[in-house]
Amino acid sequence: MPIYMDRHIVPGIEAKHAAKAHREDLLIQEEYGCRCMTYWVDEKNGSAFCLIDAPNKDAVEEMHKKAHGLVPHEIVQVNSNVVEAFLGRINDPEGFYDVDDPNLKIFNDPAFRIILVSRTLNPISLQQQLGKEKAKRLTSLYREIYREEQQRFEGREVESEEQGFITSFVSVNQAVDCARAVKKRLHVAGELIQLKIGMHAGMPVDKSDVLFGDTVKMAKYLCNIKRGGPMVLSSLVAEIYKSDINGNSQGEKVKTIKVEDENFLLDMMDLLHENIKNPNWGISDFCQKMAMSKSKLYRKCTQVIGMSPNELFREHRLLKSLNLLKTERNIMQTSYDVGFTSPSYFTKCFQERFGMTPLSYVKEL
């Protein structure tokens, strides 16, 4: 059966309340063909999350409704391995039993997590710039250092790709200290591989239909910021970390982003993703959607992201083409799929950006 995670928004909820509701679910779970695996409760943010093996979403809702009346606000289908990677468990942790009710096991485990996304230059582009041996050596060094620091600061590796990692942390301090340690140990090598780190925080179930979907997305978007160094904290992470935001203990400032700039970045990148295949989509369309003049859009884009709108648009299309060429290996189709009007113009732009033709890139793959 599929596994679901739901979110209950309950202002003022306490761990004891969540434990009682979970116990009520367990008593009738079989009536609805469900298996209640575990839950998380976040007293600070007034939320509880249940992990349930169930035939469908309706069964989850009906079971909760009968058990205690707390109908979920959101339900998403999840993979248990991904849940464990982000949150560290898929079953109840050790807890203690209430003195007044020895059958009630209570634990307080918030599901709020700090998500760190680390990215480097595409490996083949790196080889083109530095040579195969040096690129391979630096990439191996980066991956070795990152995994050592990730483990040292108690991060959980969610995903590993050629260009980097997605890591989940319980503590903001641990996430920031991990990023700083990686950056410090890599030193000049970090600049050569074009290391970028973005950090955002959030709940496992949000508006997205993917676990931590919006949180991971924003952390990835922060990696697109070209200004202010390799590490960027979202406004939420910065707020939590504000007691040491200037890095006094490390002698180093941390790049942060304001809420309004964060919203601008989110809107820009979402529009790019939605319209990447449309060759007629341009700056005028951006201006209309974002209710900005061309001059204001230009100023805001260069101020927040460090690139002009045209540069950002082209960069996004070309980076997307790298991933498509890995799977499709079809240069003509890829050029259209990323919104170029012709394969020849795509080839020209690709070579200018990466120092090699798309055909050479495909051969290297």
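Refer to the structure presented above.
Within each chain, residues carry numbers counting from 1 in the order of the written sequence. Where totals are concerned, whole chains, interfaces and linings use all residues; where local detail is concerned, this predicted model gives features only for residues with pLDDT of at least 70, and gives and counts side-chain atom pairs only at 80 or more. As a rule here, side-chain values cover all heavy atoms of the structure and leave hydrogens and water aside.

Focus: the overall build of the protein
Helix and strand content of the protein: 16 helices and 12 strands. Each radius of gyration reported is based on C-alpha atoms, and the globular scaling rule is 2.2 Å times the count of residues to the power 0.38. Here the protein has a C-alpha radius of gyration of 23 Å; the compact-globule value for 365 residues is 21 Å, and the two agree. When the backbone C-alpha atoms are referred to their principal axes, the protein occupies close to 70 × 45 × 40 Å. Throughout, a residue-residue contact means that at least one pair of heavy atoms, one from each residue, lies within 4.5 Å. Taking as baseline every contact in the protein between residues at least 6 positions apart, the subset at least 24 positions apart corresponds to 67%. The Shrake-Rupley method, run with a 1.4 Å probe sphere, supplies the accessible areas, and residue values consider only the shown protein chains as cover. Accessible surface, the protein as shown: approximately 17800 Å² in total, 47% of it carbon and sulfur. This count recognises Lys and Arg as positive and Asp and Glu as negative, with His and chain-terminal groups excluded. For the purpose of locating charges, the reference atoms are NZ of Lys, CZ of Arg, CG of Asp and CD of Glu. Charge centroids of the protein, computed over 49 positive and 50 negative side chains, lie 9 Å from each other. Put simply, DSSP H or I for four residues or longer makes a helix, DSSP E for two residues or longer makes a strand, and each gets a number counted from the N terminus.

Some words on the pairing of strand β1 (residues 3-9)
Accessible area is worked out with a 1.4 Å probe on protein chains only. A residue is then buried under 20% of its type maximum, exposed over 50%, and partly exposed in between. Of all seven residues that make up β1, six are buried, and the element is covered over most of its length. In this structure, β1 lies alongside strand β3 (residues 47-53), joined through seven bridges in antiparallel fashion. Paired with I9 across the bridge in β3 is S47. Here, a strand pair is defined by DSSP locating no fewer than two bridges between the strands. Two elements, β1 and strand β4 (residues 74-78), share five bridges in a ladder whose sense is antiparallel.

Here's the deal with the packing of aromatic side chains
Ring geometry is summarised as follows: Phe, Tyr and Trp rings, the Trp one being its six-membered ring, pair when their centres sit within 6.5 Å, and such pairs are stacked at plane angles under 30 degrees, edge-to-face over 60 and tilted between the two. Tallied over the entire structure, the rule returns 12 aromatic pairs. An aromatic cluster is defined as three or more aromatic residues linked by ring pairs; in this entry it consists of F340, Y345, F346, F350, F354 and Y361. Geometrically, a lysine NZ or arginine CZ counts as sitting over a ring once it is within 6 Å of the ring centre and also within 35 degrees of the ring normal. It is R317 that lies over the ring of F313; its NZ or CZ is 4.0 Å from the centre.

Overview of the layout of surface pockets
Cavities and pockets are found on a 1 Å grid laid over the protein atoms alone: a cavity is a set of points where a 1.4 Å probe fits but cannot escape, a pocket is an open set with protein on both sides within 12 Å along at least five of seven lines, and a lining residue has an atom within 4 Å of such a point. Grid points are joined across faces, edges and corners, and a volume is the space filled by probe spheres set on the points. Estimates place the volume of the largest pocket at around 1000 Å³. Lining the largest pocket are 32 residues; nearest its centre among them are R119, Q163, K220, N224 and L319. The set of elements that each furnish at least two residues to the lining of the largest pocket consists of α8 (213-222), α10 (259-274), α13 (309-327) and α15 (343-354). With eight residues, the single largest contributor to the lining of the largest pocket is α13. Note that Gly is not counted as nonpolar here; it falls among the polar residues with everything else outside the nonpolar set of Ala, Val, Leu, Ile, Met, Phe, Trp, Tyr, Cys and Pro and the charged set of Asp, Glu, Lys and Arg. For the lining of the largest pocket, the residue count by class is 11 nonpolar, 10 polar and 11 charged. Looking at the second largest pocket, its volume works out to about 370 Å³. Along the wall of the second largest pocket there are 15 residues; nearest its centre are H200, A201, D206, D214 and T215. Looking at the lining of the second largest pocket, the elements that each hand over two or more residues are β10 (196-202), α8 and α10. Counting residues per element, the lining of the second largest pocket draws most heavily on α8, which supplies four residues. Along the lines of polarity and charge, the residues of the lining of the second largest pocket split into five nonpolar, four polar and six charged.

Some thoughts on helix α3 (residues 80-87)
Within α3, the full set of buried residues consists of V83, A85, F86 and L87. Taken from the residues just after α3, G88 is the one with a positive phi, measuring 90°.

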